[in-house]
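In case you want the letters, here they are:
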Amino acid sequence: MPWEPTSRIPVHQPPPPSLADWLVLQVPARVLLEGDALPLRCRGWKDMHVTQVQFFHEREALGGLSQGTELLLPSLQLHHSGHYRCQATVGHVFPTWQESALVMVAVQELFTVPVLRLEGPAEPREGTPVALGCLSHLSPLRPLTRLQHLFYQDDMVVGGPQGSPQLQLPAVGLSHSGNYSCEVRTETASVRKRSTPVTVTVRRVPVSGVSLVAQPPGGQVAEGDRLVLSCSVAEGTGPLSFSWHRQGSAVPLATGPYYKLRTVRHQDSGRYHCTATNGGTAADSPPLWVTVLGEQDPLASGALHPRCHLIPPLV
């Protein structure tokens, strides 16, 4: 019986790696959010010896050549999303320069860009309260992240850092006018975002309800007596100024909340009014007729009667 050779059992050897398989860039498989750390590892095929490692983000080199095989990006931002790769020399005896395949890294938002909301009109009146709200939403992947809020007026901090997203201004004045914005950041400030500005213009309360009061009442005064006119407003904020006017006179008679005539003359009769202004608005009082009566009776003012002396007849 002829001898037949036994059939050979095939032995499977791993195929040699392609050029892109000599190096593998390893990144975490978990979802990455802003503020997370990103470890990069450049590993050789079958753990072959790797030296002169360099990492790249898109076309930008991340640092210089390194003998280590790992690089840590400590605090990711949205602009860190993109393609990463590494280059290195592989092997001991005949080291060759190799490059890994591209690996896509996507960084997701930890929280949204804040929006500053003004509760109430954008032009509040002086003395009224104003509330500012800084609205931002956390990622559902990190719902328990603690955030800090800051408020700015013309790039100057006016509130925070604080946990509350609200800022209360109990009574605004003209100095509160300006551009407001808010910032949301993590407690370590590794992630921070700022809102677009909102303009707040505080308006003075317009002058209204101007009234004129005379003493003596009614504006009837005897010639030679004293006359005092006073001007007041029911509403109006800011520094108030007053001026006094009489019909037929082109220039103001006086300024200030009072107009005083110590000795009234007949020519002081006429129609008077006052004007009040706060620099932004002005209003006039209703007119008041001032009537100067005849000359004052000296007896009414307590003047003494002249004494009469009797001259005896001549003898």
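Procedures and definitions
- Residues numbered from 1 in each chain as written.
- Predicted model: local features only at pLDDT ≥ 70, side-chain atom pairs only at ≥ 80, totals over all residues.
- Heavy atoms only, no water.
- Pairing = 2+ DSSP bridges.
- Helix = DSSP H or I, 4+ residues; strand = E, 2+ residues; numbered from the N terminus.
- Axes fitted to C-alpha atoms, helices over the stretch in contact; angles between N-to-C directions.
- Phe/Tyr/Trp six-rings, centres within 6.5 Å; stacked < 30°, edge-to-face > 60°.
- Lys NZ or Arg CZ within 6 Å of the ring centre and 35° of its normal.
- Contact = heavy atoms within 4.5 Å.
- Polar contact = N/O pair within 3.5 Å; in protein donor to acceptor, adjacent residues only side chain to side chain.

Novice: Looking at this structure, I do not really get the sheet that holds strand β1 (residues 23-26). What am I missing?
Specialist: Each strand in a sheet pairs with its neighbour through backbone hydrogen bonds, running either in the same direction (parallel) or in the opposite one (antiparallel). One open sheet holds the three strands; their spatial order is β1-β3-β6, and the pairing between them is antiparallel. Across the chains shown, the open sheet's two edge strands, defined by having one partner strand only, are β1 and β6 (70-73). Pairs of neighbouring strands in the sheet enclose a mean axial angle of 15 degrees, with direction left out of account. For strand β3 (residues 38-44) and β6, the ladder comprises four bridges, and the chain directions are antiparallel. Residue pairing for β6: L40 is matched across the bridge by L71.

Novice: What exactly am I supposed to notice about the packing of aromatic side chains here?
Specialist: Two measures describe an aromatic ring pair: the distance that separates the ring centres and the angle between the ring planes. In the structure shown here, the tally under the stated rule is three aromatic pairs. Grouping aromatic residues by their ring pairs yields a cluster made of W244, Y259 and Y272. In this arrangement the basic side chain of R194 is found over the ring face of Y152, its NZ or CZ atom lying 3.8 Å from the centre.

Novice: Just checking my understanding: could you explain the environment of H245 for this structure?
Specialist: Within the secondary structure, H245 is located in strand β22 (residues 241-246). Between the alpha carbons of H245 and Y272 there is a distance of 5.8 Å; along the sequence they are 27 residues apart. Leave out the neighbours within four places in its chain, and H245 touches P252, L253, R271, Y272, H273 and T275. For H245, the side chain forms a polar contact with the side chain of S243, separated by 2.8 Å.

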